[in-house]
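# Coordinates in review
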Amino acid sequence: MLRKSDPRSKSRSLSDWFKGKPSEIRNNFDHFVKEYKAIADITVRGAKNMIVISTERKGIAYAVPRKSFIDIIFPFEQAYMDTLCFHKVVQSPAGKKEFNHYFRLMAKEDVNKEVKGYMAEAYRRGL
């Protein structure tokens, strides 16, 4: 367990997550959040290991900005394998009955009708 004074134990601000990354990465993320807010009432906060997108009750999607894209993970109770938007689907660790669906956001156009459907599904699951 880390001490409270250890910088690794603290959450990170959104600006920290995008520090040193190309501006289009942040612009793509802001677009994703804007589109999500058009679908549902969500909040966004930086955490130690990822950016959490949540309802009032629980996290519904998790984002990890990389050098040239953002991985956005949607946890669902079933695996959606026949889709074009997820590049990876894996069962959550520790035997949870949950599957993490990885969506790679590389451009604003990636937030299409199919992705918005899964965004809405994740929101409904989080209520």
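None of these values were measured; they are calculated from a predicted model. (Residues numbered from 1 in each chain as written. Predicted model: local features only at pLDDT ≥ 70, side-chain atom pairs only at ≥ 80, totals over all residues. Heavy atoms only, no water.)

### Observations regarding the overall build of the chain
- The helix and strand tally for the chain stands at three helices and six strands.
- Taken over the C-alpha trace, the chain has a radius of gyration of 15 Å; the compact-globule value for 127 residues is 14 Å, and the two agree within 12%.
- Dimensions of the chain, computed from the C-alpha atoms along their principal axes, are close to 45 × 35 × 25 Å.
- Within the span of the chain, comprising 127 residues, buried residues form 43% of the whole.
- Carbon and sulfur atoms make up 50% of the accessible area of the chain, which totals about 7,900 Å².
- Seen as two clouds, the 25 positive and the 15 negative side-chain charges of the chain have centres 8 Å apart. (Helix = DSSP H or I, 4+ residues; strand = E, 2+ residues; numbered from the N terminus. Rg over C-alpha atoms; globule rule 2.2 N^0.38 Å. Buried < 20%, exposed > 50% of the residue type's maximum accessible area, 1.4 Å probe, protein only. Areas by Shrake-Rupley, 256 points an atom, 1.4 Å probe, with all protein chains shown as cover. Lys, Arg positive; Asp, Glu negative; His and termini not counted. Charge placed at Lys NZ, Arg CZ, Asp CG, Glu CD.)

### Some details on the packing of helix H2 (residues 23–39) against helix H3 (residues 113–125)
- Two elements in contact, H2 and H3, have axes whose closest approach is 10 Å; the angle formed by their N-to-C orientations is 60 degrees. When the axis of H2 is compared with that of H3, the two are oblique. Both H2 and H3 take part in a crossing whose hand is right-handed. Touching Phe 32, Glu 35, Tyr 36 and Ile 39 of H2 are Lys 116, Met 119, Ala 120, Ala 122 and Tyr 123, all from H3.
- Class assignment for the residues of the contact of H2 with H3 results in seven nonpolar, no polar and two charged. (Axes fitted to C-alpha atoms, helices over the stretch in contact; angles between N-to-C directions. Parallel < 35°, antiparallel > 145°, perpendicular 65-115°, else oblique. Left-handed = near helix turned anticlockwise from the far one by under 90°. Contact = heavy atoms within 4.5 Å. Nonpolar A, V, L, I, M, F, W, Y, C, P; charged D, E, K, R; others polar.)

### Quick look at the nonpolar core
- Core analysis: the largest hydrophobic core is formed by 32 residues, its most contacted members being Phe 32, Tyr 36, Ile 70, Ile 72, Phe 74 and Phe 103.
- Secondary structure elements with two or more residues in this core: helix H1 (14–18), H2, strand E2 (51–54), strand E3 (59–65), strand E4 (70–76), strand E6 (99–105) and H3.
- Excluding its chain neighbours within four sequence positions, the residues that come into contact with Ile 72 are Phe 32, Ala 61, Tyr 62, Ala 63, His 101, Tyr 102, Phe 103 and Leu 105. (Core = buried A, V, L, I, M, F, W, Y, C linked by side-chain atoms within 4.5 Å.)

### As for the pairing of E6
- Most of E6 is tucked away: five of the seven residues are buried.
- Both E4 and E6 contribute to a ladder of seven bridges, which runs antiparallel. Looking across to E6, one finds that Ile 70 is bridged to Leu 105.
- In this sheet, E6 lies alongside strand E5 (residues 86–91) in antiparallel orientation, the contact comprising five bridges. Looking at E6, one finds that Phe 86 is bridged to Phe 103. (Pairing = 2+ DSSP bridges.)

### Here we look at the environment of Tyr 62
- With respect to the element layout, Tyr 62 can be found in strand E3.
- Distance in space between the C-alpha atoms of Tyr 62 and Ile 73 is 5.1 Å, their sequence separation being eleven residues.
- When near neighbours in sequence (up to four residues on either side) are disregarded, Tyr 62 contacts Met 50, Ile 51, Val 52, Asp 71, Ile 72, Ile 73 and Pro 75.
- At 3.4 Å, the side chain of Tyr 62 and the backbone oxygen of Gly 59 are in polar contact. (Polar contact = N/O pair within 3.5 Å; in protein donor to acceptor, adjacent residues only side chain to side chain.)

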